[in-house]
Amino acid sequence: MGGVAGGRLAAAVTAAGGLGMIGMGSTSSAEALRVELGLLGEVPRFGIGLVDWVIRAQPDLLDAALAAGPSLLSVSFGTDLSWVERARAAGICTATQVYDADGARVAQDAGIDVLVARGAEGGGHGEVRLATLPLLDTVLDVATVPVLAAGGIGSPRSLAAVLAAGADGAWLGTCLSACPESLTGAGARSALIAAGSTDTVATRVFDIAAGLPWPDRFPSRVLRDEFAVRWTGRETELAAAGVGPCDPVDAGQGVGMLTVSTAAGVLIDEICSGAAELLSRFG
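Rules used in this analysis
- Residues take numbers from 1 onward in each chain, read along the sequence in its written order.
- Under the rules for a predicted model, residues below a pLDDT of 70 receive no local features and side-chain atom pairs below 80 are neither given nor counted, while totals for whole chains, interfaces and linings still include all residues.
- Side-chain calculation: all heavy atoms of the structure are included, whereas hydrogens and water are not.
- Should DSSP find at least two bridges between two strands, the strands are taken to pair.
- Helix and strand assignments come from DSSP, with helices taken as H or I runs of at least 4 residues and strands as E runs of at least 2, each series counted from the N terminus.
- What counts as an axis is a line fitted to C-alpha atoms, over the stretch in contact for a helix, and the angles between N-to-C directions run from 0 to 180 degrees.
- When a carboxyl oxygen of Asp or Glu lies within 4 Å of a side-chain nitrogen of Lys or Arg, that pair is called a salt bridge.
- Buried residues are those whose accessible area, probed at 1.4 Å on protein chains only, stays under 20% of the maximum for their type, while exposed residues exceed 50% and partly exposed ones sit between those limits.
- Take the buried Ala, Val, Leu, Ile, Met, Phe, Trp, Tyr and Cys residues and link them wherever side-chain atoms come within 4.5 Å; each set so joined is a nonpolar core.
- Contacts are residue-level and defined by heavy atoms, with any inter-residue pair within 4.5 Å sufficient.
- Any angle between 65 and 115 degrees counts as roughly perpendicular, while under 35 counts as roughly parallel, over 145 as roughly antiparallel, and the rest as oblique.
- For any helix crossing, the convention is left-handed if the near helix is rotated counterclockwise from the far helix by under a right angle, and right-handed if that rotation is clockwise.
- Residues are grouped as follows: Ala, Val, Leu, Ile, Met, Phe, Trp, Tyr, Cys and Pro are nonpolar; Asp, Glu, Lys and Arg are charged; every other residue, Gly included, is polar.

Per an unreviewed UniProt entry, the protein carries the name Nitronate monooxygenase and comes from Mycolicibacter acidiphilus.

Printed below as a string of structure tokens:
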């Protein structure tokens, strides 16, 4: 949710009863984080999400995140979990994305407080290996800490499904991207609302064009456009061509559930109350 989940969206999600996250993505900085923190207002809790390889290049970004005292610090897309000790020493709960049982075990051994089982349906960067429900089963088999399900969750039915399957909660992304409180631009917001569930693709071409050093194992699921169609499968050629960066629109396979730009508080209430009603039918 880098470039999408800023301070205003985080505050709105928290006000609705969730834990709002400020997402710091590929091109983040400590100064950018401070700007978004200033937009939070008076909130009882908030979280910060960071990219592992970004904080390796910019250690002051991690310093700024720790100094802000979030309720939760999430760092993903790396193998060095030394940041966990620093966060826990500061009294901050920690989370990271995992994609299989081995990753869950490694994270737990490092002291991670919350595992995020991010399925292949999810928008943005992540491994494209297991779908959300099979991954959730796999992670729950070995988990000794709370597990959040992520990927394709954006409706009462999908939330009820992962809760019924044993998740302790859900990590929402795409369904919040079109909210008016998000940092999403008008064009991208319109594209998200118009898109169907089959209009996404997992690709590395935008990162290659932008010169971003994302590991190969973490493609990004985005809305399919002309650039993605032209270059996906021709990554080596793209790298040699020196094509300039384009602006992708991150989106998971749940994007088809987006039909209007709904305030975050209204959206979360609809999803959570609807899921509770569905679950009540089964006792």
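J.: Just give me the short version of the sheet that holds strand 10 (residues 220-223), but keep the residues and values in it.
T.: Pairing between the strands of a sheet is mediated by backbone hydrogen bonds and can be parallel or antiparallel. On the basis of which strands lie adjacent, the open sheet formed by three strands has the order 6-10-9 and antiparallel pairing. Of all the strands in the sheet, the pair left with one neighbour each is strand 6 (124-125) and strand 9 (200-203). Pairing of strand 6 with strand 10, which is carried by two bridges, proceeds in the antiparallel orientation. Residue pairing for strand 10: His-125 is matched across the bridge by Ser-220.

J.: Could you give me a rundown of the sheet that holds strand 8 (residues 169-171), with the residues and numbers involved?
T.: Strand order in this open sheet of seven strands is 1-2-3-4-5-7-8, and the pairing throughout is parallel. The strands lining the two open edges of the sheet, one partner per strand, are strand 1 (21-23) and strand 8. Neighbour to neighbour, the strand axes of the sheet diverge by 25° on average, direction disregarded. As paired strands, strand 5 (residues 114-118) and strand 7 (residues 147-150) are joined by four bridges and run parallel to one another. If you follow Arg-118 over to strand 7, its bridge partner there is Ala-150.

J.: Give a description of the pattern of salt bridges that names residues and reports values.
T.: One pass over the structure, following the stated rule, counts twelve salt bridges. When the shortest N-O distance is used, the salt bridge between Arg-105 and Asp-102 registers 3.0 Å. Linking Arg-105 with Asp-102, this pair stays in helix 6 (residues 101-109), spanning three residues, or about one helical turn. Note on Asp-102: relative accessible area 52%, which makes it exposed. Residues Arg-234 and Glu-237 are paired through a salt bridge, measuring 2.6 Å at the closest nitrogen-oxygen approach.

J.: Give me the lowdown on the nonpolar core, citing residues and values where you can.
T.: If you look at the biggest cluster of nonpolar residues, it comprises 61 residues, and the most contacted ones within it are Leu-33, Leu-50, Leu-73, Trp-83 and Leu-176. Excluding anything up to four places from it in sequence, Trp-83 contacts Arg-56, Leu-62, Leu-73, Val-75, Thr-94, Ala-95 and Ile-112. Counting nine residues, the second-largest nonpolar core is a separate cluster that includes Val-201, Ala-209, Ala-228 and Trp-231.

J.: Explain the packing of helix 6 against helix 7 (residues 132-142) to me, and be specific about the residues and the numbers.
T.: At a closest axis distance of 8 Å, the pairing of helix 6 and helix 7 adopts a crossing angle of 40°. Relative to helix 7, the element helix 6 lies oblique. As helix 6 packs across helix 7, the resulting crossing turns out to be right-handed. Between helix 6 and helix 7, the contacting residues are Ala-101, Ala-104, Arg-105 and Gln-108 on the first element and Thr-138, Val-139 and Val-142 on the second. Of the residues assigned to the contact of helix 6 with helix 7, the class counts are four nonpolar, two polar and one charged.

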